[in-house]
Amino acid sequence: MAAIKPSLAKGTRDFSPTEMEKRNYIFDIIKAVFAKYGYREIQTPTFENLQTLTGKYGDEGDKLIFKILNSGDYLAKAPGNLMEEKASAQLAPHIAEKALRYDLTVPFARYVVMHQHELTLPFKRFQIQPVWRADRPQRGRYREFYQCDVDVVGSDSLLNEAEFVLIYHEALSGLGLRDFTIKLNNRKILTGIAEVLGKPELIVDMTVAIDKLDKIGLEGVNNELLNRGFTAGDLEKLQPIIQLQGTNTEKAEQLRQVLASSPIGLKGIDEIETVLGYVEKLVGDTAVVNRFVELDITLARGLNYYTGCIFEVKTNEATMGSIGGGGRYDDLTGMFGLNGLTGVGISFGADRIYDVLEELGLFPNTAVLTTQVLISNFDKLAELYALPLLRKLRAAGVASELYPATAKLKKQLSYADAKKIPYVILIGEEEIASGLFSLKDMLTGEQRMLGETEVLSFLAPNA
RNA sequence: GUAGGUAUAGCUCAGUUGGUUAGAGCACUAGAUUGUGGUUCUAGGGGUCGUGGGUUCGAGUCCCAUUACUUACCCCA
């Protein structure tokens, strides 16, 4: 068999030991916060029935689902006419009945419906698993990436929304981020705006356009609105909304006036104000809230399913898309036949957070823990002589290893150096004769002769 | 799906209007140092210059095609 050139599938990455240690550092901090707020972990399968996933993410989203070819002679049962016509989209469900999960929310909805009789509502769960999307990779965008989702179903209390703001703040601060913005919006406000304009059916076009304010500026947004079916008169009404200024309270006040004729819009504002009120009480410091939380009506995401509050988090310390997002969906499980169950949740983009922490140099050294001590291996005699010490070190909880072959000391020390092992124990003729061990500090280069108990108490002072 | 950019050693990259045997740094191996790493010095291994075609006396260099990677748009974490 001819050797093939090794390569990674597009948009995927290997995680080497150092990277894994850093990734776990992120996951551990996020998990600890989730647990602290009462969420419990679940996992769902890597792949689901294709039917479970399609139709949940909009047309664009459906195209990005990785489908898994059926086993066996999958073309035998496929409709001939569709193959003749090369109708890929229609043919796909006939030859691919499974697909890789696209996010964690839809599998969670399926989970809730299937386990409804064993769940105590409200059910609070978190889930940290990879998801797959078949889009074109670019900076901060991968085809395989991890989401850290935390959701609660069966509770319509806005306390949940408020706690998610706290979770974001606590987790991101815990990771060392200092300047980020938790943006809040509400689907009902967007609906209200579209209503006031008399164009409720254009809500998606409207929000997609004004969402780009940061990127293409006011003029660009206005042009896009015109292209998407809005009139000059609509634009005029929209200007004060798009360019909303001031504190969160001031913004809410202005919106209240604009949306006076829209009951649903006013409800959205009520919700935002309630959430902000809870957040202030929970944080206990208005200045902190104003610094990290921002009412931003240009925020548009997940419009296919979000019905209430919408979240998005951006870091201001690095150029990166959003590092998290979420929202409320009133009918999370309706698509699986269980109506009237509301859900709200957020997600952390772990891979992007990793890139940001890397760029800002925020990974602590302790995130990269390794073997504490390496025992050298001079010859077979020393190797055997080392084994009891190795056993005692490990029994005392010291991460330790014996160099697995008789090799030049230079090579063994280089190994310790490359692996950043802080101590090396040298065992040769002298040590065997004296019964002492040479303990070398790799950082200072100092070397001492110690007895076994001294070695153990030095490397494991608390054991 | 649309539009750019890039492709030379394991990695990051030089390579002059087309001209002899394609280079550097890092990494690796060995020696200087037969029981001492990280610094230093010396030597060594490692290349069908992404692939296929074309122009030319001659192509890493120019042209065409193709593939892969990459950046941006759409969309999204």
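Residues numbered from 1 in each chain as written. Chains lettered and ligands numbered in written order. Predicted model: local features only at pLDDT ≥ 70, side-chain atom pairs only at ≥ 80, totals over all residues. Heavy atoms only, no water.

Points about the protein's contact with RNA strand B
Close contacts around RNA strand B come from 37 residues, with Arg141, Ser322, Lys408, Met442 and Gln447 the closest. Restricting the count to atoms of RNA strand B within 4 Å of the protein gives a sugar and phosphate share of 46%. Contact distances for RNA strand B include 2.4 Å between a base nitrogen and a side-chain N or O atom of arginine 141. With respect to RNA strand B, the backbone of tyrosine 142 contributes an N or O atom lying 2.7 Å from a base nitrogen. Sorting the residues of the surface near RNA strand B by element identifies β6 (144-153), α17 (409-418) and α18 (429-434) as the ones contributing at least two each. It is α17 that provides the largest number of residues to the surface near RNA strand B, a total of six residues. A breakdown of the residues in the surface near RNA strand B according to their chemical character gives 11 nonpolar, eight polar and 18 charged. (Near = heavy atom within 4 Å. Polar contact = N/O pair within 3.5 Å; in protein donor to acceptor, adjacent residues only side chain to side chain. Helix = DSSP H or I, 4+ residues; strand = E, 2+ residues; numbered from the N terminus. Nonpolar A, V, L, I, M, F, W, Y, C, P; charged D, E, K, R; others polar.)

Things to note about a nonpolar patch on the surface
A cluster of nonpolar side chains, Leu159, Tyr278 and Leu282, forms an exposed patch at the surface whose accessible area comes to about 240 Å². Here leucine 159 is to be found in helix α7 (residues 158-174). (Patch = residues over 30% accessible without salt bridge, like charges linked within 9 Å, V, L, I, M, F, W, Y side chains within 5 Å. Areas by Shrake-Rupley, 256 points an atom, 1.4 Å probe, with all protein chains shown as cover. Salt bridge = Lys/Arg side-chain N within 4 Å of Asp/Glu carboxyl O.)

Overview of unusual backbone geometry
A negative phi angle characterises most non-glycine residues, just as the trans form characterises most peptide bonds. The residue after leucine 121, namely proline 122, is reached through a cis peptide bond having omega -10°. Along the chain, the position of proline 122 falls in the loop between α6 (105-114) and β5 (123-132). Here lysine 420, not a glycine, exhibits a phi torsion of approximately 55°, which is positive. Following the sequence through the fold, lysine 420 ends up in the loop between α17 and β14 (423-426).

A closer look at the pattern of salt bridges
Applying the stated criterion across every chain, the model contains 25 salt bridges. With its nearest N and O atoms 2.6 Å apart, the salt bridge here joins arginine 328 to glutamate 161. Remark: glutamate 161 occurs in helix α7 and arginine 328 occurs in strand β10 (residues 324-329); sequence separation between them is 167 residues. For the pair arginine 328 and glutamate 161, one class covers both residues: buried. The partner of arginine 256 in a salt bridge is glutamate 273, and the shortest N-O contact between them spans 2.6 Å. Residue arginine 256 is found in helix α12 (residues 248-258), and its partner glutamate 273 is found in helix α13 (residues 263-283); the two are separated by 17 residues along the sequence. Taking relative accessible area as the criterion, arginine 256 reaches 24% and is therefore assigned partly exposed. For glutamate 273, a relative accessible area of 29% corresponds to the partly exposed category. Overlapping salt bridges, with partners in common, bring together Asp205, Lys212, Glu224 and Arg228 in one network. (Buried < 20%, exposed > 50% of the residue type's maximum accessible area, 1.4 Å probe, protein only.)

Re the side chain of lysine 22
Position of lysine 22 relative to the elements: it lies in helix α1 (residues 17-36). Side chain to side chain, lysine 22 and glutamate 358 meet in a polar contact 3.2 Å long.

Quick look at α12
Every buried residue of α12 is listed here: Asn248, Lys251, Ala252 and Leu255. Buried residues of α12 fall within an arc of 100° about the axis and therefore sit on the same side. Exposed residues pointing more than 90 degrees away from the buried face of α12 are listed as Thr249 and Gln257. Lining the buried residues of α12 we find α8 (187-196), α11 (232-242), α13, α14 (286-292) and β8 (293-295). (Arc of directions from axis to C-beta. Contact = heavy atoms within 4.5 Å.)

Quick word on the sheet that holds strand β11 (residues 343-349)
The strand order across the open sheet formed by eight strands is β1-β5-β6-β11-β10-β9-β7-β8, and the pairing between neighbours is mixed. Edge positions in the sheet fall to β1 (40-41) and β8, since each of these pairs with one other strand and no more. Relative to β6, β5 runs antiparallel, the two being bridged by 10 bridges. Within β6, the position partnered with valine 131 by the bridge is phenylalanine 145. In the packing of α13 onto the sheet, contacts are made with β7 (180-186), β8 and β9 (309-315), and the angle to β7 comes to roughly 145°. (Pairing = 2+ DSSP bridges. Axes fitted to C-alpha atoms, helices over the stretch in contact; angles between N-to-C directions.)

A few points about the UniProt feature "binding site: L-histidine" (unreviewed entry) in chain A
Annotation from UniProt places "binding site: L-histidine" (unreviewed entry) at Asp103, Leu104, Thr105, Arg133, Gln147, Asp151, Arg301, Tyr305 and Tyr306. Tracing the sequence through the fold places threonine 105 in helix α6. Judged by relative accessible area, threonine 105 falls into the buried class, the value being 13%. Mapped onto the secondary structure, tyrosine 306 falls in the loop between β8 and β9. Taking relative accessible area as the criterion, tyrosine 306 reaches 7% and is therefore assigned buried. Excluding residues that lie within four positions of it along the chain, tyrosine 306 makes contacts with Arg187, Arg301, Gly326, Gly327, Arg328 and Tyr329. (UniProt positions renumbered as here; feature names shortened; annotations may be inferred.)

Focus on the nonpolar core
The biggest cluster of nonpolar side chains holds 90 residues, and the ones touching the most others in it are Leu172, Leu225 and Phe348. Sort the elements by how many residues they give to this core and α7 lands first, with nine residues. If near-sequence neighbours (up to four positions away) are discounted, phenylalanine 348 is found in contact with Ile30, Phe34, Tyr146, Gln147, Cys148, Ile167, Tyr168, Ala171, Leu172, Ile323, Gly324 and Ile353. Leu393, Ile427, Phe437 and Leu439 belong to the second-largest nonpolar core, a separate cluster that totals 19 residues. (Core = buried A, V, L, I, M, F, W, Y, C linked by side-chain atoms within 4.5 Å.)

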